[in-house]
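Architecture and fold: a report
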Amino acid sequence: MSLDAKGGAALALHRFGLGPRAGSIRMIGSDPRGALLEEIEKPGAGQIVNAELLTSAAGARLNFAYNQQQQAKRIAARISAEQQKTTMAVMTPEDAKPEDTAMVTVPGAAEPQPATPPQRNVNREVEARIAAAMNAEIGFVERLVWFWSNHFCVSADVVLNMVGGYEREAIRPHVLGRFGDMLLAAESHPAMLIYLDNFRSIGPMSVAGLINKIGLNENLGREILELHTLGVRSVYTQEDVYRFAKAITGWTIRPMATDAEHGNEFVFMDRRHEPGPQTILGKTYPEGGVEQGQAVLADLARHPATAAHVAFKLARHFSADEPSPSLVERLSKRFLDTDGDLKEMAKALVEAPETWDEQRLKLKRPSEWLIACWRAIGVAPEARRIFDTHGYLGERFWRPSAPKGFSDEQSAWIDGLSQRLDIANRIGELVQARVEPAELLDNSLGPLASEDTRNAVARAESRQQAITLTLMAPEFQRR
Amino acid sequence: MKNFVHASTRRELLGGAGVLFAWPFLPKLARAEGRDPRMLTIILRGALDGLAAVAPVGDPDWVKLRGDKAFALDGKTPALPLNDFFALNPAMPNFLRMYKAGHATVVHATATSYRERSHFDGQDVLESGLPNPGRADTGWLNRALGGLEPEARVRHDRRAFAVGPVTPLVVRGPTQVMSWTPTRIQPASEDTMARLIDLYHHTDVELARALEGRRDLSILARSGDATVMAPTEGRQLPQGFPAQVRAFFADAAGTAAKFLARADGPRIGALAFNGWDTHVDEGADSGRLATLLGALDGALAAVEKNMGDVWAEAIVTVVTEFGRTARINGTNGTDHGTGTVALLAGGALKGGRVIADWPGLKTANLYEGRDLAATTDLRAVLKGLLKDHLRVTDQALAANVFPGSADVKAMTGLV
């Protein structure tokens, strides 16, 4: 049995996109492949234009200023309380350290009410991202943004007011550009430098290293090699990690406390940079400033191991947990042939026969399933509920628990299926007055719906139950 | 080793795919001895600094290595002596109490077979039980269940239990896992659940299996003391970061303990705590690591309390993917290392001991000149527990649970 054009359209919307909206299947029905290619050629594809959104550095400054204000208020309140109690002593405000709330995951932590200015900034960012996903016709480019953002992930647990800006500044501009450009943009971005500690890594033999007691931190260097480029167990050694970490010493941020205007923007500090040449993967990079690390990144971006690593991840994301070797090979070759042109990679995905397999084995990740639900009913919730629902399903929004990003494998997510049922049930309850289950089924699954699913929906005891069953149907869970 | 659990092996593990859903748990041999053992595994993700958790205060090189960051018995925050050589991080008074009661054991200078320094590969090796990293989709704890003799009284699908919507690899596998998440949402009706499971049975068996575990869990939760597994709705979150971490750890572990304590509940559980990757300002005495260890200590106390009488038959195993550098790095933290500690607690232990073949801390003794060397294979510890506590057979341990570990003998005398 092979799918007709309409079936191909529904498949494309679920597999490459973010799920059908009302009318999408019909709209791209005549030529789903062409529609996908058209979406990546659209001017401005993948970009968010929204004057309300702050740059990541401005977001961080907003957060910093707010925290300082609050701290000052607390100190002032304490002083006045003390003064009321006693006139004996003169108070010296303690040199309070900003609370280190960012470093460790605390699932279930409630957001303060009402929203503070930094929280409102985060809310605007998450709503802008969801709006882009709701408004996309297919959502293929948004899926690529999500993919790369997860590949080069940072976490809002550490850089709360920078994550949205990071994605717009480092990921989106290059999502259909060059891998090497995205790599450089991501690794030199303040959000990444903070997230993986490089902003305080100092060359032991640098001026700052010799004078101060602080020194090297190899966290970012390791994760670039292991997660972002070559891949774990590939071609590098512990020595390569160590030397690469030295090559990117001095990649840091302008201090917030002393630079109100440009605090938290990238800066290269030569006095922190380890002097001397560095030999990495057998190649010697001569002594230099910021160019030394840039040259290493440029070579990493072209390395065959990077091509293989990126190809495998893309193939696994768009086809199956165990992608076919031919697809991986095809993507890897395209990567090397085009010097890491990500638009060409996107085209290769669409053109490959393997990605059109009718068997839909891939379980959607919670974020993919949620957006598909919201597109199917035509409305997404406000920021607070976006956070709640993602957190409930174990994929806390922009908060992966480790630099590896969220898992792309079914085994990580399948036991959370019952939590999806709770959410589907709630959506059914909320929209039952306006959503006709039969239409929802046709609009969101159409030709993909099995006879069993159609029967189950038709025989449901209520509209709520029919909607719930549609959103929970295997055809809706998998892509 | 790449596809360790291939189709035929998987069938063997299950005793034939056809009886998957009719195969009840409970270690028959242990039951025959009049025991009903419980086991909870806690994974610390991010690599615990074992030297900061249990400090070798009796090693003359210890202070040389860490300077003013080395715990000492007479330091500013004095470490809690365990014996003449080792002392516990002062953030862990409950563990000390258990240790003194013979209900806690420390294994030091231990590691899995993994010798590189990737968290994610390290966690995969730790949780999969395979000797090397690579694709793994099942965990040793789940496969250990497959190696146990069946016993007819407890439902097959109440064997294993995980906290949170994302299942730790250590309990993934052919044996069904139930997962629990604090919920603030009105759950779907039993009728909707039943219809969906029916639909899945006709269309997608994997999804059917996943959902059935939840259905049985909600029946289990309803059948007993309603307050035990009640959702946390409306509860005020504590203020401040350390208090939140404490509350979360204690909540997760305490809830697991409540389920495990029930006569008709699961016998095996697993959960994971993140945040141990202390590259910067480790804070072993009063900062971040002290907070985390204190929260872990509170979690163990919550397990002890919530298990009640069952604590006498319980073992909690706390393990991490690898240790950290023996020396402090350039940013007052530690980078990825090798040897670390495993912490065991529970009334079933022959505790009150630190088990270590101490490798020493001179540079020449350190692994690659930088990490605490691993002299005890963590698999020996886990095998010892599975064998003597749950009565998993040697054959199953070597063939299925920790494949490729025939030369790693199960540690004796732990239980």
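Residues numbered from 1 in each chain as written. Chains lettered and ligands numbered in written order. Predicted model: local features only at pLDDT ≥ 70, side-chain atom pairs only at ≥ 80, totals over all residues.

**Focus: the overall build of chain A**
The helix and strand tally for chain A stands at 24 helices and four strands. At 25 Å, chain A has a C-alpha radius of gyration in line with the 23 Å of a compact globule built from 479 residues. Viewed in the frame of its principal axes, chain A has a C-alpha envelope of about 75 × 65 × 40 Å. Sequence separation of 24 or more characterises 71% of the internal contacts of chain A that already satisfy a separation of 6 or more. (Helix = DSSP H or I, 4+ residues; strand = E, 2+ residues; numbered from the N terminus. Rg over C-alpha atoms; globule rule 2.2 N^0.38 Å. Contact = placed C-beta atoms within 7 Å.)

**Let's talk about the confidence of the model for chain A**
Summing up the model confidence of chain A, the mean pLDDT is 91 and the portion of residues at 70 or higher is 94%. Across residues 89-112 of chain A, where pLDDT falls below 50, the model places 36 contacts with residues more than four positions away in sequence or in other chains. (pLDDT = per-residue confidence, 0-100.)

**Looking at the pairing of strand β9 (residues 314-320) of chain B**
All names here are of chain B. The buried count for β9 comes to seven of seven residues, which makes it a mostly enclosed element. When strand β1 (residues 38-44) meets β9, the two strands line up parallel, connected through seven bridges. The partner of Met39 across the bridge, within β9, is Ile315. In this sheet, strand β10 (residues 340-345) lies alongside β9 in antiparallel orientation, the contact comprising three bridges. (Buried ≥ 20, exposed ≤ 12 C-beta atoms within 10 Å, placed from the backbone. Pairing = 2+ DSSP bridges.)

**Observations regarding unusual backbone geometry**
Of all residues except glycine, most have a negative phi; of all peptide bonds, most are trans. Here the phi dihedral of Asn264 of chain A falls at roughly 75°; this positive angle occurs in a residue that is not glycine. Checked against the element boundaries, Asn264 of chain A lands in the loop between β1 (251-253) and β2 (266-268). Judged by the 27 C-beta atoms lying within 10 Å of it, Asn264 of chain A falls in the buried class. Phi is positive for Ala47 of chain B, which is not a glycine, with a value near 85°. Along the chain, Ala47 of chain B falls in the loop between β1 and α3 (50-53). Among the residues examined, Ala47 of chain B registers 25 C-beta atoms within 10 Å and is labelled buried.

**Quick word on the packing of helix α12 (residues 378-390) of chain B against helix α13 (residues 394-401) of chain B**
Residue and element names in this part refer to chain B. For the pair α12 and α13, interaxial distance at closest approach is 10 Å and the crossing angle is 135°. Between α12 and α13, the angle falls in the class oblique. Between α12 and α13 the crossing geometry is right-handed. Where α12 approaches α13, its residues Lys383, Leu386 and Lys387 are matched on the opposing element by Asp394, Leu397 and Val401. Within the contact of α12 with α13, the residues separate by chemical class into three nonpolar, no polar and three charged. (Axes fitted to C-alpha atoms, helices over the stretch in contact; angles between N-to-C directions. Parallel < 35°, antiparallel > 145°, perpendicular 65-115°, else oblique. Left-handed = near helix turned anticlockwise from the far one by under 90°. Nonpolar A, V, L, I, M, F, W, Y, C, P; charged D, E, K, R; others polar.)

**Here's the deal with the pairing of strand β8 (residues 268-273) of chain B**
For β8 of chain B, the buried fraction is high: six of the six residues fall into the buried class. A two-sided burial pattern is seen for β8 of chain B, the buried positions comprising Ile268, Ala270 and Ala272 of chain B on one face and Gly269, Leu271 and Phe273 of chain B on the other.

**Here we look at helix α22 (residues 451-458) of chain A**
Within the sequence span of α22 of chain A, burial applies to Thr453, Ala456 and Val457 of chain A. The buried residues of α22 of chain A occupy an angular sector of 95° when projected down its axis, which confines them to one face. Residues Glu451 and Ala458 of chain A are exposed on α22 of chain A and point more than 90 degrees away from its buried face. Elements that come into contact with the buried residues of α22 of chain A comprise α21 (437-444), α23 (463-472) and α24 (474-477) of chain A together with α8 (190-203) of chain B. (Arc of directions from axis to C-beta.)

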